[in-house]
Amino acid sequence: GAGVSQSPSNKVTEKGKDVELRCDPISGHTALYWYRQSLGQGLEFLIYFQGNSAPDKSGLPSDRFSAERTGGSVSTLTIQRTQQEDSAVYLCASSYNRDLGYTFGSGTRLTVV
Amino acid sequence: GESVGLHLPTLSVQEGDNSIINCAYSNSASDYFIWYKQESGKGPQFIIDIRSNMDKRQGQRVTVLLNKTVKHLSLQIAATQPGDSAVYFCAENKSGSGGSNYKLTFGKGTLLTVNP
């Protein structure tokens, strides 16, 4: 597609359950980013993928969070044993190489109840 | 540490007026800045960027000003329209060798409301 696609757009889950969030970047974009946006806050960096290089996972808040990118395209962010503080909008972005003017998707709004 | 903050969390203007959204940054090593616009239910959308070797850059109806002396960034929107109503974020980056030069540090955002 023409933009970054994220699914689901909304997810409500019970505390303790695992969730998977999906991101389809713009075709040809080698860099992929995950950010988290809590209510009334700015965006918090989570993880960065660039081509076949090892990802930068330095922003992941705990070992309950993990992400993978298969075939240099689609990425999945997994949160295990979700907690209420995980409730936020999870935004994915992609860019060509490391061009910083990256394109964001519309996000997945995660609510942990 | 690195941080980006905004002077005004909310701004309300009349349609047709000019808007100015301000941002302060604390990392003097930052050399690249971006303004994003985020409408309700959407992801941030790139508006305009500026590098630290410039102090002004103009786009369509928008101008970004950078004052490195006081570490201040502003976004000016001319003839503000109702469609400009959104949250505006500034973001900074420190490029160069080593480090995470692909990460952006975002401020908390300013809500701009344009009254018809």
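Please refer to the structure higher up on the page.
Below is a short write-up of the structure. (Residues numbered from 1 in each chain as written. Chains lettered and ligands numbered in written order. Predicted model: local features only at pLDDT ≥ 70, side-chain atom pairs only at ≥ 80, totals over all residues. Heavy atoms only, no water.)

1. Comments concerning the overall build of chain B
Okay, so step 1: For chain B, the count of helices and strands is zero helices and eleven strands.
Okay, so step 2: Going from N to C terminus, chain B has its helices and strands arranged as β-β-β-β-β-β-β-β-β-β-β.
Okay, so step 3: Each of the 116 residues in chain B was classed as buried or not, and the buried ones make up 43%.
Okay, so step 4: A separation of at least 24 residues holds for 54% of the contacts in chain B among residues at least 6 apart in sequence.
Okay, so step 5: Summed over all atoms, the accessible surface of chain B reaches about 5700 Å², with 47% contributed by carbon and sulfur. (Helix = DSSP H or I, 4+ residues; strand = E, 2+ residues; numbered from the N terminus. Buried < 20%, exposed > 50% of the residue type's maximum accessible area, 1.4 Å probe, protein only. Contact = heavy atoms within 4.5 Å. Areas by Shrake-Rupley, 256 points an atom, 1.4 Å probe, with all protein chains shown as cover.)

2. A word on the overall build of chain A
Okay, so step 1: What chain A contains, in helices and strands, is zero helices and ten strands.
Okay, so step 2: The secondary structure elements of chain A, listed N-terminal to C-terminal, are β-β-β-β-β-β-β-β-β-β.
Okay, so step 3: In terms of C-alpha radius of gyration, chain A reaches 13 Å, essentially the compact-globule figure of 13 Å for 113 residues.
Okay, so step 4: By principal-axis analysis of the C-alpha atoms, chain A measures approximately 35 × 25 × 25 Å.
Okay, so step 5: Of all 113 residues assigned to chain A, the portion counted as buried reaches 49%.
Okay, so step 6: Long-range pairs, those at least 24 residues apart, make up 55% of the contacts in chain A with a sequence separation of at least 6.
Okay, so step 7: For chain A, the exposed surface amounts to about 5400 Å²; the carbon and sulfur share of it is 43%.
Okay, so step 8: Computed over 11 positive and 11 negative side-chain charges, the inter-centroid distance for chain A is 2 Å. (Rg over C-alpha atoms; globule rule 2.2 N^0.38 Å. Lys, Arg positive; Asp, Glu negative; His and termini not counted. Charge placed at Lys NZ, Arg CZ, Asp CG, Glu CD.)

3. Things to note about unusual backbone geometry
Okay, so step 1: Cis peptide bonds are those with omega within 30 degrees of zero, and the linkage from Ser-7 of chain A to Pro-8 of chain A qualifies with -10°.
Okay, so step 2: Structurally, the position occupied by Pro-8 of chain A is in the loop between strand 1 (5–7) and strand 2 (10–13).
Okay, so step 3: Residues other than glycine seldom take positive phi values, yet Ala-79 of chain B does so here, at roughly 50°.
Okay, so step 4: With respect to the helices, strands and loops of the structure, Ala-79 of chain B is situated in the loop between strand 8 (72–77) and strand 9 (86–93).
Okay, so step 5: On the basis of relative accessibility, which here comes to 36%, the residue Ala-79 of chain B falls in the partly exposed class.

4. Describing the interface of chain B and chain A
Okay, so step 1: Each side of the interface is counted separately: chain B has 19 residues, and chain A has 19 residues.
Okay, so step 2: Contact between chain B and chain A buries roughly 1500 Å² in total, counting both sides, with carbon and sulfur atoms accounting for 57%.
Okay, so step 3: On the chain B side of the interface with chain A, the three residues burying the most area are Tyr-102, Lys-103 and Phe-106 of chain B, jointly 37% of the side's total.
Okay, so step 4: In this structure, the connection of chain B to chain A is made through one salt bridge.
Okay, so step 5: Between Asp-56 of chain A and Lys-103 of chain B there is a salt bridge, with its nearest N and O atoms 3.6 Å apart.
Okay, so step 6: Between chain B and chain A we count three residue pairs in polar contact (both at pLDDT 80 or more) in total.
Okay, so step 7: Of all the secondary-structure elements, those providing two or more residues to the side of chain B that touches chain A are strand 4 (32–38) and strand 9 of chain B.
Okay, so step 8: In terms of residue class, the side of chain B that touches chain A is built from nine nonpolar, seven polar and three charged. (Buried area = accessible area lost by both parts, 1.4 Å probe. Salt bridge = Lys/Arg side-chain N within 4 Å of Asp/Glu carboxyl O. Polar contact = N/O pair within 3.5 Å; in protein donor to acceptor, adjacent residues only side chain to side chain. Nonpolar A, V, L, I, M, F, W, Y, C, P; charged D, E, K, R; others polar.)

5. Observations regarding the packing of aromatic side chains
All names here are of chain A.
Okay, so step 1: Taken as a whole, this structure holds 13 aromatic pairs over all chains when the rule is applied.
Okay, so step 2: Here Tyr-35 and Phe-45 contribute two aromatic rings whose centre-to-centre distance is 5.7 Å and whose plane-to-plane angle is 75°, an arrangement assigned as edge-to-face. Of this pair, Tyr-35 sits in strand 4 (residues 31–37) while Phe-45 is found in strand 5 (residues 43–50), placing the two residues ten residues apart along the sequence.
Okay, so step 3: With a relative accessible area of 11%, Phe-45 lands in the buried category.
Okay, so step 4: Ring geometry for Tyr-35 versus Tyr-102: centroids 6.1 Å apart, planes at 40°, classification tilted. (Phe/Tyr/Trp six-rings, centres within 6.5 Å; stacked < 30°, edge-to-face > 60°.)

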